[in-house]
Amino acid sequence: MKFNELSKIRQSCRNYDPDREVEQEKIDAILETACIAPSACNGQPYHITVCQGETAKKVAVACQSFGMNKFLDNAKILIVISEGKMVTISKIGSKASQIDYRSIDIGILSAYITSEAADQGLGSCIIGWLNDKKIREVIDLDKPVRLVIALGYANPNDVLRNKKRKDLNDLVRFRG
Ligand SMILES: Cc1cc2nc3c(=O)[nH]c(=O)nc-3n(C[C@H](O)[C@H](O)[C@H](O)COP(=O)(O)O)c2cc1C
């Protein structure tokens, strides 16, 4: 599938099939693509924890305060993305430029993971509404959690939505 087409079928899935497990080879393919994602100074300053079974259920609860993210109850896999060590050159660059490269790297990683998930026929949803402390307790982690990504098969009744986005003219300008 062309990337442009893939981008249109990738959507935040909030309706997972609770009875369908994700095959290990699909998880492996997603992780392989994740590992190829570019990052500042090639530092890959993050860590990925793949949560399944009871652990995924506990992580889901940690993302569900104030009635948010109820749909995570049915997601088979929750990928926790936490901060990792920054390479020295990237740390210096971040300080000098005042640009938080690590957060940018984690965003790019998430785009790779969700795009590969779509290519594997899986639904995914990036989750930013999370309780860092609770998740760290559940998975025994000593670094901040930045994002969680839900993965699973979408329910057969889930529909492909039209993308609602800003007009391109409001996002882009050309100078020449
Ligand atoms: C950093 C980030 C955090 C997000 N957090 C949540 C979340 O906690 N719960 C949720 O349902 N969707 C969450 N989303 C999904 C966005 O709402 C979604 O990507 C956006 O509305 C565009 O829709 P689409 O992904 O279906 O194209 C998040 C997306 C990003 C990039």
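Look a little higher up for the structure.
In this numbering scheme, every chain counts its residues from 1 along its sequence in written order. Since the coordinates come from a predicted model, pLDDT governs what is reported: local features require at least 70, and pairs of side-chain atoms require 80 or more to be given and counted, while whole-chain, interface and lining totals use all residues. Only hydrogens and water are set aside; all other atoms, that is, all heavy atoms of the structure, feed into the side-chain values.

A. Representation of the pairing of strand S3 (residues 123–127) in the model. Under the scheme applied here, a residue whose accessible area is under 20% of the maximum for its type counts as buried, over 50% as exposed, and between as partly exposed, the area being computed with a 1.4 Å probe on protein chains only. The secondary structure listing takes helices from DSSP runs of H or I that are at least 4 residues long and strands from runs of E that are at least 2 residues long, numbered from the N terminus. Among the five residues that make up S3, four are buried, leaving the element largely enclosed by the rest of the structure. Bridge count for S3 against strand S4 (residues 145–152) is five bridges, and the pairing is antiparallel. Note on S4: the bridge partner recorded for Gly123 is Gly152. Note on pairing: two strands pair once DSSP finds at least 2 bridges between them.

B. Main features of a positive patch on the surface. Only residues above 30% relative accessible area that lack a salt bridge enter a patch, with like-charged residues linked at up to 9 Å and the nonpolar side chains Val, Leu, Ile, Met, Phe, Trp and Tyr linked at up to 5 Å. In this description, accessible areas are obtained by the Shrake-Rupley approach with a 1.4 Å probe, and a residue is regarded as covered only by the protein chains that are shown. Counted as salt bridges are all cases of a side-chain nitrogen of Lys or Arg within 4 Å of a carboxyl oxygen of Asp or Glu. In this charge count, Lys and Arg are treated as positive and Asp and Glu as negative; neither His nor the chain ends contribute. Note on charges: their place is set at NZ of Lys, CZ of Arg, CG of Asp or CD of Glu. On the surface, Arg14, Arg161, Lys163, Lys164 and Arg165 cluster together into a positively charged patch. Mapping Lys163 onto the fold places it in the loop between S4 and helix H7 (168–171). Residue classification places Lys163 among the partly exposed positions, given a relative accessible area of 34%.

C. Seen up close, the side chain of Gln11. Residue position: Gln11 is located in the loop between helix H1 (3–9) and helix H2 (24–36). In the analysis that follows, any N or O atom pair within 3.5 Å is treated as a polar contact, provided that within protein one partner can donate a hydrogen and the other can accept it, and provided that, for residues neighboring in sequence, both atoms belong to side chains. Reaching out from Gln11, the side chain makes a polar contact with the backbone oxygen of Val159 at a distance of 2.9 Å. Residue contacts are counted whenever heavy atoms from the two residues lie within 4.5 Å of one another. Aside from chain neighbours lying at most four places away, what touches Gln11 is Ser124, Asp158, Val159, Leu160, Arg161 and Lys163.

D. Just the pattern of salt bridges, in detail. As enumerated under the stated definition, the model contains five salt bridges in all. Between Arg136 and Asp132 there is a salt bridge, with the nearest N and O atoms lying 3.1 Å from each other. With a gap of four residues between them, Arg136 and Asp132 both fall in helix H6 (residues 132–139), about one helical turn apart. Overlapping salt bridges bring together Glu83, Arg102 and Arg146 as one network.

E. Main features of the sheet that holds strand S2 (residues 77–83). Strands sit in the order S1-S2-S4-S3 across an open sheet of four strands; the sheet is antiparallel. Taken across any chain shown, the strands that pair with only one partner, and hence form the sheet edges, are strand S1 (46–51) and S3. Adjacent strand axes in the sheet meet at a mean angle of 20°, parallel and antiparallel pairs treated alike. Lines fitted to the C-alpha atoms define the axes, with helices restricted to the stretch that makes contact. Angles between their N-to-C directions range from 0 to 180 degrees. Of the strands in this sheet, S1, S2 and S4 are in contact with H2, which crosses S1 at around 175°. This element, H6, spans S1, S2 and S4 of the sheet and lies at about 65° to S4.

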